Amino acid sequence: MENIFESLIKATPIIKQIIEEDCAIVIKDNEKFLFVEEGKNIKIPIKAGMPAMDTPATEKVKSTKNPDYTVWFVKEYGTYAKHSTVPIFDENRNIIGMYSFIRDATEEEKNKVTSEELINEICDVETAVKIISESAEEISKKLNEIIKISSKSYEDIEKSNEALKLIDTTTRKTNILGINANIESARAGELGRGFSVVAKEMMKLASQSGTMSKEIEDSLMRMKSNVEATLDAMNKFQEIVEAQEESTKDIAIAMEKISNISKMLIK
């Protein structure tokens, strides 16, 4: 059995060259530590020849007969150490020793913390994007309602224009009747004076109606123009909101993928 331990000890320099990182290696049998080599930052408070002692990791390996991987923080050196303990078996699969490989995992742990912080930030962004997406969807619905109302207002203005045309026609006819009545009253002479007053009032009313009708028509035309401009702006704004809604959904999907990848990397 001594050949197994000797072979492992001889292979240690090669293993360290292959790993190319700061590490320490400990080899022991069931009685004592046979080989101890510290790393640059990985220091071990044991020496070769000291009696072998069990740790929670070695006890777990003995009970399961499987390797154990543990990370712990070494306060005195301010580093994280990743401890891999592998059982050494004889031909009957009895554990005759342990091979421990300990490497500096400080950067790895820092990256893990950074990745966890990144996931938290991504989750916050996901939440914000979801809120924006929902808001954009709500804005889109409200815009649809406003567009419908504006379209109805546009239709009402068109109907008002039809009513104004009718008033304008009535005004012209009233004015003609007033003129004819005035002519007939002049022919009647003294008997037609009273009728002349009525005719003049009809003509005056027709004139006032025509003026008012023109003012209302001008006002409605301005309203129509404003409603058309509003509808045009609303339609363009709705296109922007819908594009924003789609973009935020795409962002949300991308952020979820990034979050899942980050979680996989940490795992």
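Calculation notes
- Residues numbered from 1 in each chain as written.
- Predicted model: local features only at pLDDT ≥ 70, side-chain atom pairs only at ≥ 80, totals over all residues.
- Heavy atoms only, no water.
- Helix = DSSP H or I, 4+ residues; strand = E, 2+ residues; numbered from the N terminus.
- Buried < 20%, exposed > 50% of the residue type's maximum accessible area, 1.4 Å probe, protein only.
- Contact = heavy atoms within 4.5 Å.
- Pairing = 2+ DSSP bridges.
- Core = buried A, V, L, I, M, F, W, Y, C linked by side-chain atoms within 4.5 Å.
- Patch = residues over 30% accessible without salt bridge, like charges linked within 9 Å, V, L, I, M, F, W, Y side chains within 5 Å.
- Areas by Shrake-Rupley, 256 points an atom, 1.4 Å probe, with all protein chains shown as cover.
- Salt bridge = Lys/Arg side-chain N within 4 Å of Asp/Glu carboxyl O.
- Phe/Tyr/Trp six-rings, centres within 6.5 Å; stacked < 30°, edge-to-face > 60°.
- Lys NZ or Arg CZ within 6 Å of the ring centre and 35° of its normal.
- Arc of directions from axis to C-beta.
- Lys, Arg positive; Asp, Glu negative; His and termini not counted.
- Polar contact = N/O pair within 3.5 Å; in protein donor to acceptor, adjacent residues only side chain to side chain.

Peer 1: Residue-level account of the overall build of the protein, with values.
Peer 2: Within the protein, the secondary structure is distributed over 4 helices and 5 strands. Scanning the protein from its N terminus toward the C terminus, one meets helices and strands in the order α-β-β-α-β-β-β-α-α. In the protein, which comprises 267 residues, the share counted as buried stands at 28%. Across the protein, contacts joining residues at least 24 apart in sequence account for 56% of those joining residues at least 6 apart.

Peer 1: Which residues make up the pairing of strand β2 (residues 33-37), and what values go with them?
Peer 2: Relative to β2, strand β1 (residues 23-29) runs antiparallel, the two sharing 4 bridges. Of the residues in β2, the one forming a bridge with Ile-25 is Glu-37. Where β1 hands over to β2, the hairpin turn is made up of 3 residues, counted between the paired strands.

Peer 1: Tell me about unusual backbone geometry, and please be specific about residues and values.
Peer 2: The residue Lys-65 is not glycine, and still its phi comes out positive at about 60°. Within the element layout of this structure, Lys-65 appears in the loop between α2 (56-64) and β3 (68-74). Positive phi, close to 60°, is recorded for Arg-93, a residue that is not glycine. Position of Arg-93 among the secondary structure elements: in the loop between β4 (79-89) and β5 (95-104).

Peer 1: Just give me the short version of the pairing of β5, but keep the residues and values in it.
Peer 2: Counting buried residues in β5 gives 10 out of 10 residues, a clear majority hidden from the surface. What sits between the antiparallel neighbours β4 and β5 is a turn of 5 residues, in which Arg-93 has the positive phi angle 60°.

Peer 1: Could you give an account of the nonpolar core, with specific residues and numbers?
Peer 2: Ranked by size, the top nonpolar core spans 9 residues in total: Phe-5, Cys-23, Ile-25, Ile-27, Phe-35, Ile-88, Ile-96, Tyr-99 and Phe-101. Among the elements of the structure, β1 and β5 are those that each provide at least two residues to this core. Judged by nonpolar contacts, the second largest core, of 8 residues, contains Val-26, Phe-33, Ile-44 and Ala-81.

Peer 1: So, a nonpolar patch on the surface: which residues are in play, and what are the values?
Peer 2: Together, Ile-14, Ile-18 and Ile-19 give the surface a local cluster of nonpolar side chains, amounting to about 280 Å² of exposed area. Here Ile-18 falls in the exposed class, since its relative accessible area comes to 62%.

Peer 1: Before we move on, could you go through the packing of aromatic side chains and cite the residues and values that matter?
Peer 2: The geometry of two aromatic rings is summed up by the distance between their centres and the angle between their planes. One pass over the structure, following the stated rule, counts 0 aromatic pairs. The positively charged end of Arg-93 is found above the aromatic ring belonging to Phe-89, 4.1 Å away from the centroid.

Peer 1: Explain α2 to me, and be specific about the residues and the numbers.
Peer 2: Side chains of residues three or four places apart in an α-helix project in the same direction, reflecting 3.6 residues per turn. Of the positions making up α2, those classed as buried are Ala-57, Thr-58 and Val-61. Buried residues in α2, looked at end-on, bunch into an arc of 95°, giving them a common side. Along α2, the residues that are exposed and aim more than 90 degrees away from the buried face are Pro-56 and Ser-63. Lys-65, located one to two residues past α2, shows a positive phi value of around 60°.

Peer 1: Now, about the environment of Glu-256: what can you tell me, with residues and values included?
Peer 2: By the secondary structure assignment, Glu-256 is in helix α4 (residues 193-266). Taking the relative accessible area as the measure of exposure, Glu-256 reaches 44% and is therefore partly exposed. Between the C-alpha atom of Glu-256 and that of Val-125, which follows or precedes it by 131 residues, the distance is 9.8 Å.

Peer 1: Account for the side chain of Asp-29, with residues named and values stated.
Peer 2: Along the chain, the position of Asp-29 falls in strand β1. Although Asp-29 is buried, it forms no salt bridge, and the closest oppositely charged side chain is Lys-32 at an N-O distance of 6.0 Å. A distance of 2.8 Å separates a polar atom in the side chain of Asp-29 from the backbone nitrogen of Glu-31. A polar contact of 2.7 Å, which involves the side chain of Asp-29, links it to the backbone nitrogen of Lys-32.

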